[in-house]
Amino acid sequence: MTAGEPALDASSPFTLPGFFAALADGELLAASCRDCGQVLVPPRPACYGCGGRRLEIESQPKEGAVFSFTAVHAAPPELEADVPYVVAIVELDSGARLTGRLEAAYEEVAIGDRVRLRTRAPSPQEQQLALDHERDWPVHYFDPAE
Amino acid sequence: MALADAFDALPDPATLADALYVGNQSELYEHQIMQGTLLAEWAGLRNVPAERVEGCAAAGALALRHAVKDVRNGEHEGVLACGVEKMTAGGTGGATDALSAAFDRALEQRSGVTAPSQYAMLAQRYLHESDATERDLARIAVKNHRNAASNPRAQFQKEVAIETVLESEPVAAPLKLFDCAPVGDGAAVVLVTTAELAAELELPMVRVAGSGAAANNIAVAERDLTEIEGAAVASGTAYEEAGMQPADMDIAEVHDAFTVSEALLAEALGFAPAGLGYQSGLAQADRADGWTDIEMSTSGGLKARGHPIGATGLLQVIEAYEQLTGQAGDRAVPDATSAMLLNEGGVADAVTVAHVITTEASV
C-alpha cells in the first residue's frame, strides 16, 4: 500500500484475516519490497530488509526447498497425539521463507529437499488451540514434492 | 529471598532505591501481573515508579538496562532491577504453552512449533554448515554442568557424562533433553546506583560500562539461523560504550538455553572465529587459533544454573558480580575483571540485551 490508496480494512492481505482468506482460496500472498526486493510472508507494511514502505502484494510460488527442519517430540499439550511431527523452515523459489509442518518422516528429510505448500482445515486438536478469530483460518503445511 | 539476600549487609531498600523494574515473562504461570507494584510492596518501597518489563527471557536484562538508564540520566540515584518467574506452577505443559507465546502466532505457533524446535532448526543448520557434531554440542552441556557443580545457586549442582547427554531422550532433533535448559523457579535482584552512593555502601562494586539492545524479527524463518545478528549488534553497542573489545572480556554469561546457542553466541560476541563456536566446551588450550581466552557460562549457564525466564538476565549479573569481586569460590576465574552478559528473548535474537560489567576504572 502506498500513499493515496484506500485505508486498510480486514480484507486487505496486509492484515492476517486478508492473508488467510487468500490462503483459503489457494493463494499464498507476500509483500514484495520495490526498493530492495525482500519478500515478506505474511505481508507487512514496512520492509525489514531496508526499512522502506513501498511494498506490493505478490502471489508466491508453492514450491521451495527445506532450509532447516526438526522433529518435535515435546509438543504443546493439545498436539501430543501427533508426536513426533516434523517442522521445517522452507525457502520458496521466490526467496521468501516460512515455517510449517512437513508431512514426512524425520529420517527421510534432508536440507535442500524439494517440497510443496498445501493447506487444510484445522484438525479438532488444532481447533482447541485456535482463538475465536483464527477458527476459519486454514493451516498451511508442506509435502515432499514428487 | 532474593531481596533479603541482596540487602543482607545493606540499609533498607527504601533508603537506597526510589524506582524499580521487574523482568517477568508470563502471567500464565501465577495468574498475576502488576509485578512492579508487588515487588515495590515487598521491598518496602511506596509510591515510587515501579513496572514490569516484558521481553520473554530477555526481560531480566531489560530491567537492568532501564535501571542503568535511569541512574545514568540522573532521574534516580538508586534503582532496583528485579526478575522473577514461577514456571513450575503450570507443569511442563504449562511452561511449553506459555513459552510458545514468544513466537510468531500466525504461521509458527499454529504449526505446533515449540521453543526447543525453534532452536533445533538453528542447530540443524549449524551442524550442516560447520564441522560441529552432536558430540561437540553435548560437550558444552557437560562443561556447563561441571561449572554448576561448584555454584551453590545452581539448579543442578552435579556433573553429567557426555554419554548421558548424547543418550538422553529427543526433545526436538537434533536437540536432546540434556541440550535444553530446564523449567524452574527463581528470582534475582540487583541494586543499580551511582558510583558515589555505591562507594558509601562499603561493599565490593562492579561498574556497568556498556549496554546495548536489539530486536530482530519474531519468526524463526526470517533470520540468519547461524549468524546471530542481534547479538553482534547489541554486544557491539555495549563494547563500544565500554571502550573495550571482545578480547578484553574474561568471562561471559550467555543465553545458552540450548547448547547450540552457546556455540553461536561465542561467534556473534567475537570470542570465536566463524564456525568454531562449538569449541566452547573445550579447555582453552584445545580451542582453535582465533579464540580469545574467554570462559563461558561459569555459573553453569541456563542449562545447569537454571533458567527461570524473567530472572535469568539478572542471575547473569549476579554471576559476574561474584566472579569479578572474588566471591565465586571453586569456580572462580583467576584475575577476572570484565564480563560480557548476553540475554535473549524469543528465538535467538528476536530481542537481545548485552551488558559489559567490569571492575576496571572508567576510560
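Residues numbered from 1 in each chain as written. Chains lettered and ligands numbered in written order. Predicted model: local features only at pLDDT ≥ 70, side-chain atom pairs only at ≥ 80, totals over all residues.

1. A short note on the overall build of chain A
Counting its secondary structure elements, chain A contains two helices and eight strands. Listing every helix and strand of chain A by position from the N terminus yields α-β-β-β-β-β-β-β-α-β. Against the 2.2 N^0.38 benchmark of 15 Å for 146 residues, chain A shows a C-alpha radius of gyration of 16 Å, consistent with a compact globule. Here chain A holds 146 residues, and the buried ones make up 34% of them. (Helix = DSSP H or I, 4+ residues; strand = E, 2+ residues; numbered from the N terminus. Rg over C-alpha atoms; globule rule 2.2 N^0.38 Å. Buried ≥ 20, exposed ≤ 12 C-beta atoms within 10 Å, placed from the backbone.)

2. Remarks on the sheet that holds strand β3 (residues 55–59) of chain A
Note on sheets: strands pair through backbone hydrogen bonds, and any given pair is parallel or antiparallel. Residues and elements named next belong to chain A. Read across the sheet, three strands follow the order β2-β1-β3 without closing on themselves; strand pairing throughout is antiparallel. Taken across any chain shown, the strands that pair with only one partner, and hence form the sheet edges, are β2 (39–40) and β3. Sheet topology note: the strand β1 (residues 29–33)/β2 ladder contains two bridges and is antiparallel. What sits directly across from S32, in β2, is V39. (Pairing = 2+ DSSP bridges.)

3. With respect to the nonpolar core
In terms of nonpolar packing, the biggest core is built from 156 residues, with B:L20, B:A63, B:A81 and B:A252 touching the most fellow members. Ranked by residues supplied to this core, first place goes to helix α6 (residues 115–129) of chain B with eight residues. Residue-level mapping places this core at the junction of two domains, with at least three residues from each of domain 1 (16–59) and domain 2 (63–144) of chain A. (Core = buried A, V, L, I, M, F, W, Y, C linked by C-beta atoms within 7 Å. Domains from an automatic or database assignment.)

4. Quick word on the domain arrangement of chain A
All names here are of chain A. Each assigned domain of chain A is listed here: domain 1 (16–59) and domain 2 (63–144). In this structure, domain 1 and domain 2 have C-alpha centres spaced 20 Å apart. With seven residues of domain 1 at the contact, the number on the domain 2 side is nine residues. Per-element tally for the side of domain 1 that touches domain 2: the top contributor is helix α1 (residues 16–24), with three residues. (Contact = placed C-beta atoms within 7 Å.)

5. Considerations on the packing of helix α7 (residues 134–148) of chain B against helix α11 (residues 259–268) of chain B
Residues and elements named next belong to chain B. The geometry of α7 relative to α11 is characterised by a closest axis approach of 8 Å and an angle of 95° between their N-to-C directions. Accordingly, the angle class assigned to the pair α7 and α11 is roughly perpendicular. Residue-level inspection shows L137, I140 and A141 of α7 in contact with α11, the latter providing T259, V260, E262 and A263. Grouping the amino acids of the contact of α7 with α11 by side-chain chemistry returns five nonpolar, one polar and one charged. (Axes fitted to C-alpha atoms, helices over the stretch in contact; angles between N-to-C directions. Parallel < 35°, antiparallel > 145°, perpendicular 65-115°, else oblique. Nonpolar A, V, L, I, M, F, W, Y, C, P; charged D, E, K, R; others polar.)

6. Side note on the interface of chain B and chain A
How big an interface is tends to be reported as the loss of accessible area on association of its parts. Chain B puts 29 residues into the contact, and the matching count from chain A is 27 residues. Looking at the side of chain B that touches chain A, the elements that each hand over two or more residues are α5 (91–100), α6 and β4 (170–172) of chain B. If one sorts the elements of the side of chain B that touches chain A by residue count, α6(B) sits on top with seven residues. Looking at the side of chain B that touches chain A residue by residue, the classes come out as 14 nonpolar, 10 polar and five charged.

7. A closer look at the sheet that holds strand β9 (residues 295–296) of chain B
All names here are of chain B. A sheet is described by the order of its strands in space; here five strands give the open sequence β7-β11-β10-β8-β9, paired in mixed fashion. In the strand order of this sheet, the two ends are held by β7 (207–215) and β9, each with one partner. Relative to strand β10 (residues 338–345), strand β8 (residues 251–253) runs parallel, the two being bridged by three bridges. Note that in β10 the partner of I251 across the bridge is A339. Against the sheet, helix α4 (residues 59–72) contacts β7, β10 and β11 (351–358), and its axis sits at roughly 55° relative to β11.

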